[in-house]
Amino acid sequence: MRRVLRDWYVGAVLLGLVLYSFVGAVVKMIENPVLMWIQRSVQHSALSAGQPLYNKGALLAELVDALIFLLVAFLLGSWIYRGDRTVETPAKQ
């Protein structure tokens, strides 16, 4: 299976998809505080004065997602593209 993933470039596409998901999770993590700031600046509500600038739960969830995607991409890439470990024994004369 490893040879098929490497030789037919399926592994490269799979790694690209996992890294795309990683970047998407990082963008969502950055997007959350920015959208909350925009929402506060537009609404001018007295009710939102005591609320935090960002949602800690959503930020932590996206951070965990991003780290898991990065870990899976690293493990998958190292498994697919590691060198073959062939040990050559010297011939006896």
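Parameters and conventions
- Residues numbered from 1 in each chain as written.
- Predicted model: local features only at pLDDT ≥ 70, side-chain atom pairs only at ≥ 80, totals over all residues.
- Heavy atoms only, no water.
- Helix = DSSP H or I, 4+ residues; strand = E, 2+ residues; numbered from the N terminus.
- Buried < 20%, exposed > 50% of the residue type's maximum accessible area, 1.4 Å probe, protein only.
- Contact = heavy atoms within 4.5 Å.
- Areas by Shrake-Rupley, 256 points an atom, 1.4 Å probe, with all protein chains shown as cover.
- Axes fitted to C-alpha atoms, helices over the stretch in contact; angles between N-to-C directions.
- Parallel < 35°, antiparallel > 145°, perpendicular 65-115°, else oblique.
- Left-handed = near helix turned anticlockwise from the far one by under 90°.
- Nonpolar A, V, L, I, M, F, W, Y, C, P; charged D, E, K, R; others polar.
- Expected span 1.5 Å × (residues − 1).
- Bend = angle between axes of the 7 residues up to and from the residue.
- pLDDT = per-residue confidence, 0-100.

S.K.: How do you make sense of the overall build of the protein when you look at a structure like this?
M.R.: When its secondary structure is counted, the protein shows three helices and zero strands. In sequence order, the secondary structure elements of the protein are arranged as α-α-α. Relative to its 93 residues, the protein shows a buried fraction of 15%. In the protein, 74% of the contacts between residues at least 6 apart in sequence involve partners at least 24 apart. Taken as a whole, the protein presents about 7700 Å² of accessible surface, with 68% of it coming from carbon and sulfur.

S.K.: Which parts of the structure should I look at to understand the side chain of Asn32?
M.R.: Position of Asn32 relative to the elements: it lies in helix 2 (residues 10-43). Judged by relative accessible area, which is 16%, Asn32 ranks as buried. Non-local contacts of Asn32, meaning those with residues more than four positions away in its chain, are made with Asn55, Ala58 and Leu59.

S.K.: Before we go on, may I ask you to explain the environment of Gly77 in this structure?
M.R.: Inspection of the secondary structure assignment puts Gly77 in helix 3 (residues 56-81). The class of Gly77 is buried, set by a relative accessible area of 15%. Between the alpha carbons of Gly77 and Leu15 there is a distance of 6.8 Å; along the sequence they are 62 residues apart. Each residue touching Gly77, except ones within four places of it in the same chain, is listed here: Leu15 and Arg82.

S.K.: For this particular structure, what's the right way to read the packing of helix 2 against helix 3?
M.R.: Two quantities define a packed helix pair, namely the angle between the axes and the distance from one axis to the other. Where helix 2 contacts helix 3, the axes come no closer than 9 Å and their chain directions differ by 160°. As summarised for this structure, helix 2 and helix 3 are arranged roughly antiparallel, according to the angle between their axes. Crossing of helix 2 against helix 3: the hand is left-handed. In terms of residue class, the contact of helix 2 with helix 3 is built from 21 nonpolar, four polar and three charged.

S.K.: What is the right way to look at helix 2 in this model?
M.R.: An α-helix turns once every 3.6 residues. As a result, residues three or four positions apart point the same way. Under the 1.5 Å per step criterion, the end-to-end length of helix 2 is 48 Å for 34 residues, consistent within 8% with the ideal 50 Å. Along helix 2, the sharpest change in direction is near 30° and occurs at Glu31; proline Pro33 comes one to four residues later. Buried within helix 2 are the following residues: Gly11, Leu15, Val18, Ala25 and Asn32. Where helix 2 is buried, its residues touch helix 1 (2-7) and helix 3. Just downstream of helix 2 lies His44, where phi reads positive at about 50°.

S.K.: What am I meant to see in the confidence of the model for the protein here?
M.R.: For any part of a model where pLDDT is low, the fine detail of the predicted coordinates should not be relied upon. Summing up the model confidence of the protein, the mean pLDDT is 86 and the portion of residues at 70 or higher is 84%. Across the protein, element-level confidence peaks in helix 3 with a mean pLDDT of 94 and bottoms out in helix 1 with 84.

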